[in-house]
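Structural overview
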There are 2 protein chains.
Amino acid sequence: MRDGLPGEARRLARLTRVVMKAFELFGYERVQLPALEYSEVLEVGGRHLDPHSVLRFVEPETGEVVALRPDMTPQVARMVSTRLAEAPMPARLCYQGSVLRRRRERARNNQQIPQAGIELVGVSGPDGDLEVLQAAASALTASGLAHFVVDLGHSNLAPSLLRSVARDRWPAILDALALKDQAALARRAQRAGLSGSALAALVALPELHGGGEIWERAERLLAGTAAETPARELKSLWQVASSHRVGNEVTIDLGETWRFDYYTGPMFQLLAEGPGLPVGSGGRYDALYARFGTGHAAAGCAIDLDNLAWACRHGNVPESEPRRVLVSGAPADSARLLHGLRAAGIAAAPAPEKGKMAYARAWRYTHVLELASDGAVLTHVADAAKRTLQADATEVARALRSSRLTQQKDSE
Amino acid sequence: MRDGLPGEARRLARLTRVVMKAFELFGYERVQLPALEYSEVLEVGGRHLDPHSVLRFVEPETGEVVALRPDMTPQVARMVSTRLAEAPMPARLCYQGSVLRRRRERARNNQQIPQAGIELVGVSGPDGDLEVLQAAASALTASGLAHFVVDLGHSNLAPSLLRSVARDRWPAILDALALKDQAALARRAQRAGLSGSALAALVALPELHGGGEIWERAERLLAGTAAETPARELKSLWQVASSHRVGNEVTIDLGETWRFDYYTGPMFQLLAEGPGLPVGSGGRYDALYARFGTGHAAAGCAIDLDNLAWACRHGNVPESEPRRVLVSGAPADSARLLHGLRAAGIAAAPAPEKGKMAYARAWRYTHVLELASDGAVLTHVADAAKRTLQADATEVARALRSSRLTQQKDSE
């Protein structure tokens, strides 16, 4: 569980606002989900929550098992299926908040991940998939990220090739696929009884990762297998996503294994340099709403805001530092100036008695204003440039706005 | 644990932004605190967390007791005393997030309370108290609330009168004081051995609530008692707060009992009509940082955003509904318009095939745009007024901006 220090927390809040604003422009309305959720809501698709990945406990009064949500999609499904059950579909909803995941590798392994995401409920097929992709891509573009890749997969691709294989053999086979270990994949699939074109296709999946050039080989390999249908579905999504220029590049990974077992169709990851992990991911989960008694088709995505922040840093996305003025002077004069600057939308606080410049640097003030009986001196903290002016808030605000070193977007 | 539905969640997010922005204008920098905290951090002032009011559990791997924070002030104290230990004081920090409190009255009684607050660390005495009051009041004013009252109390007032009374008798006496039950107060205090001017002063405290007119009687009653010092401290804060016009009115409640036992000086509540509970509260806690090995004086406040939203509704604070346009037409034309509107900062989504107007009303769209081969018709959802115009995003954006029914603040 990580603290967000000053500066870092401000940047994360800005990023969250920008991403949510992009979702809202696509017509998605903000909802707020509780941090604690009944465990049964989160156990989607008949899957029990992995006790190693979710923090659960018994609520003392009710005896109900509650969990710190590892994912908000099932919570939105609960909301749409209950409190919004009367509303006409499709529903377009967006959310932000933290999810809690536990990592096995570390001793203290609770990880709070800030997310922002969307849910498109009641639109099936490629129209919905494309919209979700476009909204996710517009959020990344709005954040200032100049280069990112959309990597497409399909949750039914490998499973369709395993139809003849006993369910209890799947995990070992899919583990090998996830690791792209073709030798283990071939060995395990053969031992489980897979043969012929299905075996050949499965073993080739790890190689079928790249741009449009993979389709020729993929179509030849998958011809006549049960994977033809999901591959065709994925290709048509790849085509529209490419022609709509979603992201700088749209790649395909036919060997992608599903991450949450509620995915039922195309899935995607948004990749950017820096974090080494996706900045976002999503896909289609048409079976999820059956669990809540409604049969809605659904697709969605979530942006990992920590990873996006990382990618933005890595990509040198320019940041606007807010103007912050430290005011030093006689109490009455300072109070008047502080009030005037705040009224003009400029952050201002009184200076400590000693060590003004060091204090200003430590707490990210951009300017120090020293009031005297005959005027004021405005010092720019970064380069120590000084300017003499009247001790008047309007005058100071104007000087701050005109300075080349304080140019920034005020609109945020 | 409550869901925030569309509309409601948007209003809460707006309010949170406005309050945080007001804090930032006072020089407070945003920090982010984890939702889970080690129990020992929250056990401030030697107080053990009340198992009935805090949800705690044992973290499986580490065996440490963690809690869903009921309050963020101790978390900020931890952060300032550890990761920010090298920074020069004073620290001005603001935060937002949910705290979890459990109410005994209800069967399912976990309550997630959205808060935004500030911490002023390293400024002692009235200067700090006044700054915190002013920042809190400016946040309420920024939210649009036209009328609110600042109610001042002092955490040492009643305790100072009980110095001669055994500690185990305090809870019963303070309970009677909290209920303003003067008969029980007198009976319990007498039985505990209190007499003379301290007894007379204590029994009178519930009556010493109101405006400046209470001071004459208060000063007479408290003269010569240990409560003279805190009363004098409170009066001087009342004087500066009144002269600085913090809130529409500044009242005093000498019978106020402390709520968190870490308060060590003046405390305040921000009261507005509607919620029946304070929209904010705060005060001084100069002993809290001793617990973390640093001796900083500190004061702060937290705004209860649910209660503030309630007060704003009650006070008919005008709300700006965002423009949201539902676009109906041939797919290619719709796609072009949707893209253009979003680029112009207007939320837009494709219309369902049937029941456009009912759908628009259900999901809070302000306008429906129907594209045809020879132009477009823009319908205002609330009054069904129609307007014919070119099927061009710039044209539509201009029409939306000029409409009297879509006037709103875009700056948010």
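Cut-offs used in this document
- Residues numbered from 1 in each chain as written.
- Chains lettered and ligands numbered in written order.
- Predicted model: local features only at pLDDT ≥ 70, side-chain atom pairs only at ≥ 80, totals over all residues.
- Heavy atoms only, no water.
- Helix = DSSP H or I, 4+ residues; strand = E, 2+ residues; numbered from the N terminus.
- Contact = heavy atoms within 4.5 Å.
- Domains from an automatic or database assignment.
- Phe/Tyr/Trp six-rings, centres within 6.5 Å; stacked < 30°, edge-to-face > 60°.
- Buried < 20%, exposed > 50% of the residue type's maximum accessible area, 1.4 Å probe, protein only.
- Lys NZ or Arg CZ within 6 Å of the ring centre and 35° of its normal.
- Least-squares fit on C-alpha atoms with pLDDT ≥ 70 in both.
- Salt bridge = Lys/Arg side-chain N within 4 Å of Asp/Glu carboxyl O.
- Pairing = 2+ DSSP bridges.
- Axes fitted to C-alpha atoms, helices over the stretch in contact; angles between N-to-C directions.
- Polar contact = N/O pair within 3.5 Å; in protein donor to acceptor, adjacent residues only side chain to side chain.

Residue placement: M89(B) occurs in the loop between α3 (73-81) and β5 (91-102). Placed 31 residues apart in sequence, M89(B) and L120(B) show a C-alpha to C-alpha distance of 9.4 Å. If near-sequence neighbours (up to four positions away) are discounted, M89(B) is found in contact with Y359(A), W363(A), V80(B), L84(B), V121(B), G122(B) and H296(B).

Another aspect to go through is the domain arrangement of chain A. Per the domain assignment, the segments of chain A are domain 1 (6-314) and domain 2 (324-402). A separation of 49 Å is found between the C-alpha centroids of domain 1 of chain A and domain 2 of chain A.

Inspection of the entire model under this criterion finds 10 aromatic pairs over all chains. Between Y262(A) and Y263(A), the ring centres sit 5.6 Å apart and the planes meet at 45°, which makes this aromatic pair tilted. The two residues Y262(A) and Y263(A) agree in class, both being buried. On the basis of an interplanar angle of 55° and a centroid distance of 5.8 Å, the ring pair of Y263(B) and Y285(B) is categorised as tilted. Residue Y263(B) is found in the loop between β9 (249-253) and β10 (266-271), and its partner Y285(B) is found in the loop between β11 (280-284) and β12 (298-304); the two are separated by 22 residues along the sequence. There is no split in this pair, since Y263(B) and Y285(B) are both buried. Put simply, the rings of Y262(A), Y263(A) and Y285(A) pair up and form one aromatic cluster. Over the ring of W170(A) we find R167(A), and its NZ or CZ is 4.0 Å from the ring centre. Just above the ring of Y365(B) sits the side chain of R324(B); from NZ or CZ to the centre is 4.2 Å.

So, about the relation of the copies chain B and chain A. By a simple turn and slide, chain B fits onto chain A: the slide is 0.0 Å along the axis, the RMSD is 0.1 Å, and the turn is 180°. Classification of the inter-copy transformation places it as that of a two-fold axis. When the interface residues of chain B are mapped onto chain A, 100% of them again lie at the interface, so the same face is used by both copies.

By the definition in use, this model includes 34 salt bridges over all chains. Between E29(B) and R364(A) there is a salt bridge whose closest N-O contact spans 2.7 Å. In this pair, E29(B) sits in strand β1 (residues 29-30) while R364(A) sits in the loop between α13 (356-362) and β15 (367-372), so the two residues belong to two different chains. Taking relative accessible area as the criterion, E29(B) reaches 6% and is therefore assigned buried. Assessed through its relative accessible area of 26%, R364(A) is described here as partly exposed. Through salt bridges with shared partners, one network takes in R2(A), E8(A) and D306(A).

Moving on to the sheet that holds strand β2 (residues 36-38) of chain A. Residue and element names in this part refer to chain A. The 3 strands lie next to each other as β2-β4-β3, forming an open sheet whose pairing is antiparallel. Two strands close off the open sheet at either side, each with one partner strand: β2 and β3 (56-58). Averaged over all pairs of adjacent strands, the angle between their axes in this sheet comes to 35°, without regard to strand direction. In the sheet, β3 pairs with strand β4 (residues 65-68) via 3 bridges, with the strands oriented antiparallel. Across the sheet, residue V58 finds its bridge partner in β4, namely V65.

The subject of this paragraph is helix α11 (residues 305-314) of chain B. Residue and element names in this part refer to chain B. Taken together, the buried positions of α11 are L305, N307, L308, A309, A311 and C312. Where α11 starts, the residue carrying a side-chain oxygen 3.2 Å from the main-chain nitrogen of D306 turns out to be D304. Immediately beyond the C-terminal end of α11, within one or two residues, lies N316, with a positive phi of roughly 50°.

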